[in-house]
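Letter by letter, the chains look like this.
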Amino acid sequence: GAGWEWLLLRILIESKSFSMRYRPTLFQDLCAECRRLQHGEEGGEESKERAEALRVLDAAVACVADYNERQLVVALQYALGLLRQGADEYLLNSILVTSFSSRFMRGALRLLNRDDVLLLLGYLVSLMDIYSHSEEKQIQENYSARKDSQKVQSSKSAKNLLPSSDKICEWLNVVLNAHMLLIATDQRASLLLEKCFEVLKNYLSIKPTELSGILQLIDRLRKQSSMKIEAEVPRYSMELVKLGI
């Protein structure tokens, strides 16, 4: 069945012998399979196949070296859907610790809809809020130990990691740049910006870093979102024109 196909594919991926050239639609196929099987009975065959497909997806995010930003965003969309359903966030965190090109990620993130953008922003802000109150390294170690004990690690090469504060700010920067108009005009986004601004200010006051650039960007967006745009009354003039006939 499909479960065996995913298992063999995972072994190939974990050995780092897989390239997206072999199957460019890998992330789309895996996400589609997980969605198709998501209502399977717990412990049943469909549930097991979905769990294996999810392991392959996590392994691919961690081990495949040549996927591009648009392919990664396909996995990100699915991970945000899991978060919305109250599922574990480990796949989302696996995605957030990956490397990417900001230039190409800005375009790829435009695939996200409004709800996904707001959910992602809210999650990033919540992580920064946690880091602003406790030692970052200790939080990451506790998270990794907890996930290991829950046996949610789905790939031999994957690690149960939380993104670092620098990585979170990198994501915040690229998301804000990709969806600047939405964030400047949406009421829910405005509230998130306010919270993000306060969280980052608090973080910087405790742990000074080179994150002032993202703070300036957020402050600019906050000011834009609070501006009331007044429609100008069109101006026109009427003149009497005498035609010489």
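All values derive from a computational prediction rather than experimental measurement.

Novice: For the overall build of the chain, give the residues involved together with the corresponding values.
Specialist: Across its full length, the chain carries 12 helices and 0 strands. Mapped in sequence order, the helices and strands of the chain form the string α-α-α-α-α-α-α-α-α-α-α-α. Buried positions account for 47% of the 245 residues belonging to the chain. Once local pairs closer than 6 in sequence are excluded, the contacts in the chain between residues at least 24 apart make up 76%. For the chain, the exposed surface amounts to about 14100 Å²; the carbon and sulfur share of it is 52%.

Novice: An account of unusual backbone geometry is requested, with residue identities and associated values reported.
Specialist: Across the chain, the bulk of peptide bonds are trans and the bulk of non-glycine residues have phi less than zero. Of note, the phi angle at Lys16 is positive, near 60 degrees, even though the residue is not glycine. Within the secondary structure, Lys16 is located in the loop between helix 1 (2-14) and helix 2 (26-36). Given the relative accessible area of 58%, Lys16 is considered exposed.

Novice: Got a sec to walk through the nonpolar core? Specific residues and values, please.
Specialist: Grouped together as the largest cluster of nonpolar side chains are 69 residues, with contacts concentrated most on Ile13, Leu109 and Trp171. Excluding residues that lie within four positions of it along the chain, Leu109 makes contacts with Val73, Leu76, Trp171, Val174, Val175, Ala178 and His179.

Novice: Could you give an account of the packing of aromatic side chains, naming the residues involved and the relevant values?
Specialist: How two aromatic rings sit relative to each other is set out by the distance from centre to centre and by the angle between their planes. All told, the structure shown has 3 aromatic pairs when counted by the stated rule. The interplanar angle of 80 degrees and the centroid separation of 5.8 Å between the aromatic rings of Phe18 and Tyr22 together place this pair among those described as edge-to-face. Aromatic side chains Phe27 and Tyr67 sit 5.3 Å apart centroid to centroid with 50 degrees between the ring planes, which places their arrangement in the tilted category. Taken together, the residues span a long stretch of sequence, with Phe27 in helix 2 and Tyr67 in the loop between helix 3 (45-63) and helix 4 (69-84) at a distance of 40 residues. Relative accessible area serves as the criterion here: at 15%, Tyr67 is assigned to the buried category.

Novice: Go over the side chain of Thr98 with me, naming the residues and quoting the values.
Specialist: Tracing the backbone through its elements, the reader meets Thr98 in the loop between helix 5 (90-96) and helix 6 (102-108). A distance of 2.6 Å separates the side chain of Thr98 from the backbone oxygen of Ile95, its partner in a polar contact. With residues near it in sequence (within four places) discarded, Thr98 still touches Val61, Tyr67, Leu72 and Lys167.

Novice: Talk me through helix 9 (residues 165-178); I want residue IDs and the actual numbers.
Specialist: Its 14 residues place the ends of helix 9 20 Å apart at the C-alpha level, agreeing with the 20 Å of an ideal helix rising 1.5 Å per residue. With respect to burial, helix 9 is a largely interior element, 10 of its 14 residues being buried. Those residues of helix 9 that sit buried are Ser165, Lys167, Ile168, Cys169, Trp171, Leu172, Val174, Val175, Leu176 and Ala178.

Reading guide: rules and limits
- Residues numbered from 1 in each chain as written.
- Predicted model: local features only at pLDDT ≥ 70, side-chain atom pairs only at ≥ 80, totals over all residues.
- Heavy atoms only, no water.
- Helix = DSSP H or I, 4+ residues; strand = E, 2+ residues; numbered from the N terminus.
- Buried < 20%, exposed > 50% of the residue type's maximum accessible area, 1.4 Å probe, protein only.
- Contact = heavy atoms within 4.5 Å.
- Areas by Shrake-Rupley, 256 points an atom, 1.4 Å probe, with all protein chains shown as cover.
- Core = buried A, V, L, I, M, F, W, Y, C linked by side-chain atoms within 4.5 Å.
- Phe/Tyr/Trp six-rings, centres within 6.5 Å; stacked < 30°, edge-to-face > 60°.
- Polar contact = N/O pair within 3.5 Å; in protein donor to acceptor, adjacent residues only side chain to side chain.
- Expected span 1.5 Å × (residues − 1).

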